[in-house]
Amino acid sequence: AGKGKGPERNPLLLERTKGSEILFGTAPCWLALSRARRALFRLFLKEQRGGSGRPLRAELALQAAARGVPVLHVPGRALDTLCRGRPHQGVCLEAAPLPFRSLRDAEEPRLGDGESGRRQLLWLVLEHIQDPMNLGALLRSAYFLGVDRVVTSHSNSCPLTPIVSKASAGAMEVFDVYSTDDLQGFLKAKSAEGWEVVGTVSRPEDVEDVPVISCSEFQWDKPLIVVIGSEGEGLSLETQLQCQQMLAIPPGRALHPGIDSLNVSVAAGIVLHSICSQKRRHGD
């Protein structure tokens, strides 16, 4: 932040393109610019007093110029206003929202080399994830661990907002996220195609009519869908009944009542890692 009153506070600065949103943080802005999957309107960089500023910001300005996106150098507090005080790291980007992709438009992923490729497909399905920080963390883990596709339920789910992009460290900008308004129908169709559908559960005693095993006992031998439920409720009963089995993470101690489950994105990371670590063992 600069000293003195300063003449800035230009009202034009904050006049937004209709329907736009403000991405904030280096990784989301950098990846949104480099991928250009959405309309980009203006890049805002924190102005530097003397010196050339951070090399990364200079790179961002070059990237924006290459895309024909205007670059504005503004005081830090203008950025604070733009992103409502969130941690912007000196960078904000005005852009069109990123919609979910429709499964109807989805091309089937290529199955890779023969049977091993077919066996090792992994999709993550999210039912009613409402917290943008959790959704971002889920996307970041899914991207990092090698999930092929993420599908969310359309209703009662968080949209792909700038907070989600920041929490995903920009993974949302490079990873297609699909949405369906008929989650149970989608899972039923994938089962009929030969996919295995497994759910996740924090309290095995809550599950009826579906076998529950530890995630470390699960054997991955066909294309797989892992279904994660909402923060408070877990998977709906209708969705549980589409699962061939449920995976649980065994706790490392006797749990005090009220602290008897994991954060949804942490649990998903553990389950996905447990499954993905089998990839390396399938060479034989």
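Shown above is the structure to which this text applies.
Just so you know, these numbers come straight off a predicted model, no measurement behind them.

Along the polypeptide, Ser-157 turns up in the loop between β7 (149-153) and α6 (162-167). Exposure remark for Ser-157: the relative accessible area of 18% places this residue in the buried category. Within polar-contact distance, the side chain of Ser-157 engages the backbone oxygen of Ser-153 at 2.7 Å.

Positive phi is not limited to glycine here, since Gln-89 has a value of about 55 degrees. Tracing the backbone shows Gln-89 in the loop between α3 (76-82) and β4 (91-95). For Ala-169, which is not a glycine, the phi torsion comes out positive at approximately 55 degrees. Tracing the backbone through its elements, the reader meets Ala-169 in the loop between α6 and α7 (171-174).

Let's shift gears to the packing of helix α5 (residues 132-145) against helix α10 (residues 264-276). Contact geometry for α5 and α10: axes closest at 9 Å, N-to-C directions at 15 degrees. Considering the angle they form, α5 stands roughly parallel to α10. The two elements α5 and α10 cross, and the hand of that crossing is right-handed. From α5, Asn-134, Ala-137, Leu-138, Ala-142 and Leu-145 reach across to α10, where they touch Val-264, Ser-265, Ala-268, Gly-269, Leu-272, His-273 and Cys-276.

With that settled, the discussion passes to the nonpolar core. Counting residues in hydrophobic clusters, the biggest one holds 33 residues, and the most contacted among them are Leu-124, Val-150 and Val-226. No other element matches the six residues that α10 contributes to this core. In this view, Val-150 contacts Leu-124, Leu-126, Leu-139, Ala-142, Phe-175, Asp-176, Val-177 and Tyr-178; residues no more than four positions away in its chain are not counted. Membership of the second largest hydrophobic core comes to 20 residues, among which are Val-125, Phe-186, Val-210 and Cys-243.

Let's shift gears to helix α2 (residues 55-66). With twelve residues, α2 extends 17 Å from end C-alpha to end C-alpha; this agrees with the ideal 16 Å at 1.5 Å per step. Listed in full, the buried residues belonging to α2 are Arg-57, Leu-60, Ala-61, Gln-63 and Ala-64. Looking straight down α2, one finds that the buried residues subtend no more than 160 degrees of arc, so they occupy a single side. Facing away from the buried side of α2 by more than 90 degrees, the exposed set consists of Pro-55, Leu-62, Ala-65 and Ala-66. Elements that come into contact with the buried residues of α2 comprise α1 (26-35), β2 (40-46), β3 (71-74) and β4. A positive backbone phi angle near 75 degrees is found at Gly-68, which sits one or two residues after α2.

One open sheet accounts for eight strands, arranged β5-β8-β7-β6-β11-β9-β12-β10; its pairing is parallel. A single partner strand is all that each edge strand has here, and the edge strands are β5 (101-102) and β10 (212-214). Sitting on the sheet, α5 touches β6 (122-126), β7 and β8 (177-180), and the angle it makes with β6 is about 175 degrees. Set on the sheet, α10 makes contact with β6, β9 (196-200), β11 (224-228) and β12 (245-248); between it and β11 the angle comes to about 160 degrees.

Cut-off values and rules
Residues numbered from 1 in each chain as written. Predicted model: local features only at pLDDT ≥ 70, side-chain atom pairs only at ≥ 80, totals over all residues. Heavy atoms only, no water. Helix = DSSP H or I, 4+ residues; strand = E, 2+ residues; numbered from the N terminus. Buried < 20%, exposed > 50% of the residue type's maximum accessible area, 1.4 Å probe, protein only. Polar contact = N/O pair within 3.5 Å; in protein donor to acceptor, adjacent residues only side chain to side chain. Axes fitted to C-alpha atoms, helices over the stretch in contact; angles between N-to-C directions. Parallel < 35°, antiparallel > 145°, perpendicular 65-115°, else oblique. Left-handed = near helix turned anticlockwise from the far one by under 90°. Contact = heavy atoms within 4.5 Å. Core = buried A, V, L, I, M, F, W, Y, C linked by side-chain atoms within 4.5 Å. Expected span 1.5 Å × (residues − 1). Arc of directions from axis to C-beta. Pairing = 2+ DSSP bridges.

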